[in-house]
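Examination of the molecular architecture
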Amino acid sequence: MAKRSLRASQAGIRQAKKAFTRKGWTQENLAFEVNLKTRQPIWRFFTGQPIERYIFIEICSILELNWREIADNPPAETLETGEKSATHINALVQQVRSQRRDKIQDQCGILQLLEVSRPVNLEEIYVEANILEEIASQQWLETRDIQNLTLKDFENVSLGSAFPKRIMAMRAVESYPKLRILGNPGAGKTTFLQHIAIKCNQGEFAGNRVPIFISLKDFTEESKDSGEFSLLNYIRSEFLVSGIAEPSIIDTLLREGRVLLLLDGLDEVLNSHLNAVYQEIRRFTEKYHKNLFVATCRTAAKSFNFKGFTDVEIASFSADQITLFAHKWFMTLTKPHIRDRREQAIQFIRKLDLPENLRLRQLVVTPLFLHLACGVYARQNQVPSQESEFYKQCLDLMLGKWDEIRGIQRDEVSNGLELPHKLRLLSQIAAMTGENGQYFFDKQTIEQKISDYICQLPNAPTEPEELQLESEGILKAIELQHGLLIERVRGIFSFSHLAFQEYLAARRSPTPNQSNVSRLENIAMV
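Reference entry: report on the structure contained in this document. (Residues numbered from 1 in each chain as written. Predicted model: local features only at pLDDT ≥ 70, side-chain atom pairs only at ≥ 80, totals over all residues. Heavy atoms only, no water.)

**Comments concerning the overall build of the chain**
Heads up, the condition is: Where helices and strands are cited, they refer to DSSP runs of H or I of at least four residues and of E of at least two residues respectively, numbered from the N terminus. Only protein chains enter the accessibility calculation, which uses a 1.4 Å probe; a residue is then buried when its area is under 20% of its type maximum, exposed when over 50%, and partly exposed in between. Note on areas: these come from Shrake-Rupley sampling with a 1.4 Å probe, and a residue is covered only by the protein chains present in the view.
Within the chain, the regular secondary structure consists of 24 helices and 14 strands. Expressed as a percentage of the 526 residues in the chain, the buried residues total 55%. For the chain, the accessible surface area stands at approximately 24,100 Å², while carbon and sulfur atoms represent 48% of it.

**Things to note about the pairing of strand β9 (residues 259-264)**
Applicable threshold: At least two bridges found by DSSP between two strands are what make those strands a pair. Look down the strands so they point away from you; if going from the first strand over the helix to the second traces a clockwise path, that crossover is right-handed.
Counting buried residues along β9, 6 of its 6 residues qualify, which places the element largely inside the surrounding structure. Burial of β9 is two-sided: the residues Val 259, Leu 261 and Leu 263 facing one way and the residues Leu 260, Leu 262 and Asp 264 facing the other way are all buried. Pairing geometry for strand β8 (residues 210-215) and β9, over 6 bridges, is parallel. From the neighbouring strand, Val 210 faces β9, where its bridge partner is Val 259. Inspection of the sheet shows β9 paired to strand β10 (residues 292-298) by 4 bridges, in the parallel sense. Looking at the pairing, Leu 260 lines up with Leu 292 of β10. A crossover connection joins β9 to the parallel β10 through helix α14 (residues 271-287); in handedness this β-α-β unit is right-handed.

**Here we look at the nonpolar core**
Worth spelling out the cut-off: Here, the term nonpolar core denotes a set of buried Ala, Val, Leu, Ile, Met, Phe, Trp, Tyr and Cys residues that are joined through side-chain atoms within 4.5 Å. Contact definition: two residues touch when any of their heavy atoms are within 4.5 Å.
Ranked by size, the top nonpolar core spans 93 residues in total, and within it Phe 192, Ile 196, Phe 205, Phe 348, Phe 390 and Leu 485 carry the most contacts. The residues touching Leu 485, leaving out its near neighbours within four places in the chain, are Leu 426, Ile 429, Phe 441, Ile 446, Leu 475, Ile 478, Glu 479, Ser 494 and Phe 495. Grouped together as the second largest cluster of nonpolar side chains are 39 residues, Phe 219, Ile 244, Ala 295 and Phe 306 included.

Pasting the structure below:
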C-alpha cells in the first residue's frame, strides 16, 4: 500500500518556491486552484510537513512540477500513484467505468415524458439529432432586406429548409473537444446529452473515458448551500455514490484527460449564481483541458463565451426524422392491445402532410410538440383538430409549465410582468404584425411595441432611458424563458412558429380581417 501522505524534500521546496514565484500567486490563489477551503495544506507543503498524497500531487501539477522530484522519499510506482503507465491508466479507466455504469444508465438512460405515466427507455424512442454549424442568430441581414422576407420565407425557416448545412450531431461531438450545443426550448438538448452519456457508457463512443453527467441546476443548488462552487468536489461526491472514495482516482483521470464531462442547462442557472458557475466552468475546463467537454444552453442565453469551446445549434427535425420519431413513438408508447402500431404511425404521417395541416406540420419539427401531437393522435385517432386547444397547450408549456414540470426556477421578468400581461403583450404584437403581413421585425420595432404596452401599466417607468432598458429586458426574458419570440438573424426577430403568431393574433382580434380568415378559421377564441 502506497503512503497516504507525502512531504517535500528541502531541494523540492526550493524548486517549488521558484515555480510558485513565477506564477506570481499568493498561497490563497494556489489553494483556490487546488480546490482547497483553506491555505493550511499549502503552508504545510512549503514548510516540508506531510499532507494528503492527492493534494501533494495536485499542488505539483498546478505548479507544473514532477511530484516525484519534489517529494522526500517518494513511494514506489503503484496503481494508486499519480504517474501510471498507459496500461495502468487504461485499467483504472475501465475499473471506474464498471463501477459507474449502473449510475449513468439510471441517470441518463430513462426519460420521463410529458403526459406519459411510465418511464421510457431513451434508446427506444431516440432519433439521431442533427446540428447546424452556423448559428443563425449570429448571421447578419440588412434592415432594408426585412421588407423582402415573405410568408414563404417564414415557412422555409419553420420547416428547416432555410438551413441546408446540417451534419449529424455525434459527428460534431467527435470533432470538437469542447462543444456547446445551443437550441430553443423543447429542441432536445438534454435528451441528446443523455444519449452521448449512454453511448459512452456502452463503449460505442469515447470508450477510453469515464462519462460524467452534471445537471447545472443541481450543481448550483448544492453549491449555493455550501457557498463553494467546485466541480471537482461535486464530481468527488458523485463518485462516492458509486463506491469510489479515493480522491486521487478522479484527480488522475482528469489529469490524464480520461473524462467525458457533460454539463446540462447553462441557461437554468439563476442570475444570482451565474457568474460563479461560469467562472468555475471556465477555470475547470482550462485546467483539465485534455478531457472532452459538452455543454447545453438555450440559444438566447449564449452571451457567455468559454475559451476553446465551439458553438453549434441543434437543428429542427427533418421530414425523415419526424417519420422515424413517429414510428418509434407509436411502437413504444401505444397500448399493447393495439395490433398494428406501424400502420397507426403511417396514418399519422399521412394526415400530418395534408395541406390543411401545414401549420401543425411546421410546429412539430420540435421534438416536444411532435411528442404531444403523437399523443393526441393516439387518443383520438386524428391529428389535433381543435387547433386552439392544442396550441393553447403548447403555449402553456412555453410560458412556464415546461419549466414547472422539470422543477426549474427562472429569474423574474422585470416590473413583475406576469402571465396575463405576457399573453396580452404577445397577442398585441401578433395582431399588429399579422395585420400588415409582417412575419419578421427588427429589434427596435419589437422593443417599441413592448414600450407602448408597458407604459400603460401601473408603476411603469417614465424616463425614456428606463423605459428602453425595461423593454430590452422583457424582450430578452421572453426570448430566453419562453422561446416564443426568437432572433432569426442578428437584430431580426419573429415568432418561433407561425401557428403561435396566428393563434395569438386571433386571441387578440375578435373580428380578423378577410385576408386572415382562411388561416384562422379553425382557431377558436379563448
